[in-house]
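# Fold and contact review
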Amino acid sequence: VVHAPGALAEVQETPGNLSFRVRGWTDQPYHVLVVGLKGAPTVRLDGKETPLTEPHQFLAAEGQLILRVEGSPTIALTLAGR
């Protein structure tokens, strides 16, 4: 499940992979929350591999990924354990 302050577009899902564009409603940085993950995903923001370090984080016990983004980024996840 993805929570974002804006519309999700260009959603593509295949086994082990998810990508989407967030059309953010603000011109300020904001957070995207992905829940229900069983392990840390590999993350690409606008095509660039992005480490899960500040300002992003993965909360393993909760299965939550929190990304800090701006504008209308394309987010691609390769899910762990797939």
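This section reports on the structure supplied with the text. Please read all numbers here as calculations on a predicted model, not as lab measurements.

## Here's the deal with the overall build of the chain
A count of helical and extended segments in the chain gives zero helices and nine strands. Across the chain, helices and strands are ordered from the amino to the carboxyl terminus as β-β-β-β-β-β-β-β-β. The C-alpha radius of gyration computed for the chain amounts to 12 Å, which stays within 12% of the reference 12 Å derived for 82 residues, consistent with globular compactness. Projected onto its principal axes, the C-alpha coordinates of the chain cover approximately 35 × 25 × 20 Å. When the 82 residues of the chain are sorted by exposure, 32% land in the buried category. Restricting to contacts in the chain with at least 6 residues of sequence separation, those with at least 24 account for 59%. By element, 50% of the accessible surface of the chain is carried by carbon and sulfur atoms, the whole surface being about 5,100 Å².

## A short note on the sheet that holds strand E5 (residues 42–45)
One key point about sheets: their strands pair by backbone hydrogen bonds, in either a parallel or an antiparallel sense. Strand order in this open sheet of five strands is E2-E3-E9-E5-E6, and the pairing throughout is antiparallel. Both edges of this open sheet fall to strand E2 (6–14) and strand E6 (48–50), since each of them pairs with a single strand only. Averaged over all adjacent pairs, the angle separating strand axes in this sheet is 25 degrees, with direction ignored. The sheet contact formed by strand E3 (residues 17–24) and strand E9 (residues 74–78) spans five bridges and is antiparallel. Looking at the pairing, Arg21 lines up with Thr74 of E9.

## What to know about unusual backbone geometry
Geometrically, the link from Glu54 to Pro55 is a cis peptide bond, its omega value of 10 degrees lying close to zero. When you line up the elements, Pro55 lands in the loop between E6 and strand E7 (57–59). Even without a glycine there, the phi angle at Asp46 is positive, about 50 degrees. Following the sequence through the fold, Asp46 ends up in the loop between E5 and E6.

The rules behind these values
- Residues numbered from 1 in each chain as written.
- Predicted model: local features only at pLDDT ≥ 70, side-chain atom pairs only at ≥ 80, totals over all residues.
- Heavy atoms only, no water.
- Helix = DSSP H or I, 4+ residues; strand = E, 2+ residues; numbered from the N terminus.
- Rg over C-alpha atoms; globule rule 2.2 N^0.38 Å.
- Buried < 20%, exposed > 50% of the residue type's maximum accessible area, 1.4 Å probe, protein only.
- Contact = heavy atoms within 4.5 Å.
- Areas by Shrake-Rupley, 256 points an atom, 1.4 Å probe, with all protein chains shown as cover.
- Pairing = 2+ DSSP bridges.
- Axes fitted to C-alpha atoms, helices over the stretch in contact; angles between N-to-C directions.

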